[in-house]
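Summary of the model geometry
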Amino acid sequence: QRDPAELQRLYLGRPSGVQMQGLDAERVLILEDGERVAGDVGGVIDLSKLPLTDVARIEYVTGPTSSLYGTNALGGVVNIVTAPPRAEGVSGRARLEARSRGDWLGETSVAYRQGDAWASADFSLDHAPNAPLVDGQPDTLVPRIDSRLLGLRLGTTLQRRIQLRLKLRWVHDELLGLTSEQVPGLGVYLVDLPDVTDRITARAQETIQLSSNVRGDF
């Protein structure tokens, strides 16, 4: 019998992950502006679902760094640093993806920039239908997932070398179904998943550019 996590990845089209130092994607930590990205599939963050339109740079550190970043950082860490909107005035973008299996992803963003001051609002919907076990058992291996994200980013330059940013984000997840877990020596267990999960995060960051290659984030 296949591992349930492997079946999840097969069912969801093998999410795009990163391997480092010979370790698989489950041992690589993905961050966005220094925050852990939530919403993994079988322990793997699907990088194809992360928008890369407003990105200043992508930082990575190879090797074990669990003492600094916590779990899932044995192979290394990838940090995606977002950037202000490039265009002056009002701008926007939209993205829609769908698969023949029935799942789809929709994202939209509206931004406004005037000089060094800017604001951006993001909204996304992610839907994945139920999936029965391959062998026809009545339980559900992968539940139906409906995820909504609403985010707001604000930024300005206080002085020539000092930048201030504020990020607010609300994520609402709804899961319907059961998941199977293979316990060595004990067999397959069915685990009830929470129906509704809400996550609210707020982050304020001050960046001081000390030189062209050195900065401090607080």
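Refer to the structure above for everything that follows.
Now for a description of the structure that goes with this document. This is a predicted model, so every value here is computed, not measured.

**A word on the overall build of the protein**
Helices and strands together make up the secondary structure of the protein, namely two helices and 15 strands. Counting only residues that meet the buried cut, the protein has 34% of its 218 residues in that class. Accessible surface computed for the protein: about 13,100 Å², of which carbon and sulfur atoms make up 56%.

**Section: the nonpolar core**
Looking at soluble globular proteins, one finds that nonpolar side chains tend to be buried together. Counting residues in hydrophobic clusters, the biggest one holds nine residues: Met20, Val28, Ile30, Val37, Ile45, Leu50, Val55, Val78 and Ile80. Of all the secondary-structure elements, those providing two or more residues to this core are strand S1 (28-32) and strand S4 (76-82).

**What to know about the sheet that holds S1**
Spatially, S2-S1-S4-S3 is the arrangement adopted by the four strands of the open sheet, whose pairing is mixed. Each edge of the open sheet is held by one strand with a lone partner, namely strand S2 (35-36) and strand S3 (55-62). In this structure, S1 lies alongside S4, joined through five bridges in parallel fashion. Within S4, the residue paired with valine 28 across the bridge is glycine 76.

**Focus on the pattern of salt bridges**
Applying the stated criterion across every chain, the model contains 12 salt bridges. Of the charged contacts, one joins arginine 215 and aspartate 217 as a salt bridge, the two residues approaching to 3.1 Å between their closest N and O atoms. Through salt bridges with shared partners, one network takes in Asp33, Glu35, Lys167 and Arg203.

**So, the sheet that holds strand S6 (residues 104-114)**
Sheet architecture is open: seven strands sit in the order S5-S6-S7-S10-S11-S14-S15, paired in antiparallel fashion. Looking at which strands have only one partner, the edges of the open sheet turn out to be strand S5 (89-98) and strand S15 (215-217). Sheet twist, expressed as the mean angle between neighbouring strand axes with direction ignored, is 15 degrees. With three bridges joining them, strand S14 (residues 196-209) and S15 adopt antiparallel strand pairing. Among the inter-strand pairings, glutamine 209 is bridged to a residue of S15, identified as arginine 215.

**Quick look at a nonpolar patch on the surface**
Taken together, the side chains of Leu152, Leu154, Leu166 and Leu168 make up a nonpolar region of the molecular surface, amounting to roughly 280 Å² of accessible area. Secondary structure elements with two or more residues in the nonpolar patch: strand S10 (144-159) and strand S11 (162-176). Inspection of the secondary structure assignment puts leucine 168 in strand S11.

**Considering the side chain of glutamine 205**
Along the polypeptide, glutamine 205 turns up in strand S14. At a separation of 3.1 Å, a polar atom in the side chain of glutamine 205 contacts the side chain of arginine 203.

**Some points on the environment of valine 171**
In this fold, valine 171 is placed in strand S11. Along the primary structure valine 171 and isoleucine 200 are separated by 29 residues, whereas in three dimensions their C-alpha atoms are 6.5 Å apart. Discounting chain neighbours no more than four positions away, the residues touching valine 171 are Ser147, Arg148, Leu149, Thr197, Asp198 and Arg199.

**Details of the pairing of strand S7 (residues 117-128)**
Sheet analysis places S6 next to S7, joined by 11 bridges and oriented antiparallel. Paired with alanine 111 across the bridge in S7 is serine 120. Hairpin connection of S6 to S7: two residues between the antiparallel strands, including glycine 115 at a positive phi of 70 degrees. Note that S7 and S10 share 11 bridges and pair antiparallel. Among the inter-strand pairings, serine 124 is bridged to a residue of S10, identified as leucine 149.

**With respect to the pairing of S6**
By the bridge criterion, 10 bridges tie S5 to S6 in an arrangement that is antiparallel. The residue bridging glycine 89 from the neighbouring strand is arginine 113, located in S6. Between the end of S5 and the start of S6, which pair antiparallel, lie five residues, with glycine 102 showing a positive phi angle near 120 degrees.

**What about the environment of asparagine 72?**
Mapped onto the fold, asparagine 72 is located in the loop between helix H2 (66-69) and S4. C-alpha separation for the pair asparagine 72 and arginine 27, spaced 45 residues apart in sequence, amounts to 4.6 Å. If sequence neighbours within four positions are ignored, asparagine 72 has contacts with Glu26, Arg27, Val28, Leu29 and Arg36.

The rules behind these values
- Residues numbered from 1 in each chain as written.
- Predicted model: local features only at pLDDT ≥ 70, side-chain atom pairs only at ≥ 80, totals over all residues.
- Heavy atoms only, no water.
- Helix = DSSP H or I, 4+ residues; strand = E, 2+ residues; numbered from the N terminus.
- Buried < 20%, exposed > 50% of the residue type's maximum accessible area, 1.4 Å probe, protein only.
- Areas by Shrake-Rupley, 256 points an atom, 1.4 Å probe, with all protein chains shown as cover.
- Core = buried A, V, L, I, M, F, W, Y, C linked by side-chain atoms within 4.5 Å.
- Pairing = 2+ DSSP bridges.
- Salt bridge = Lys/Arg side-chain N within 4 Å of Asp/Glu carboxyl O.
- Axes fitted to C-alpha atoms, helices over the stretch in contact; angles between N-to-C directions.
- Patch = residues over 30% accessible without salt bridge, like charges linked within 9 Å, V, L, I, M, F, W, Y side chains within 5 Å.
- Polar contact = N/O pair within 3.5 Å; in protein donor to acceptor, adjacent residues only side chain to side chain.
- Contact = heavy atoms within 4.5 Å.

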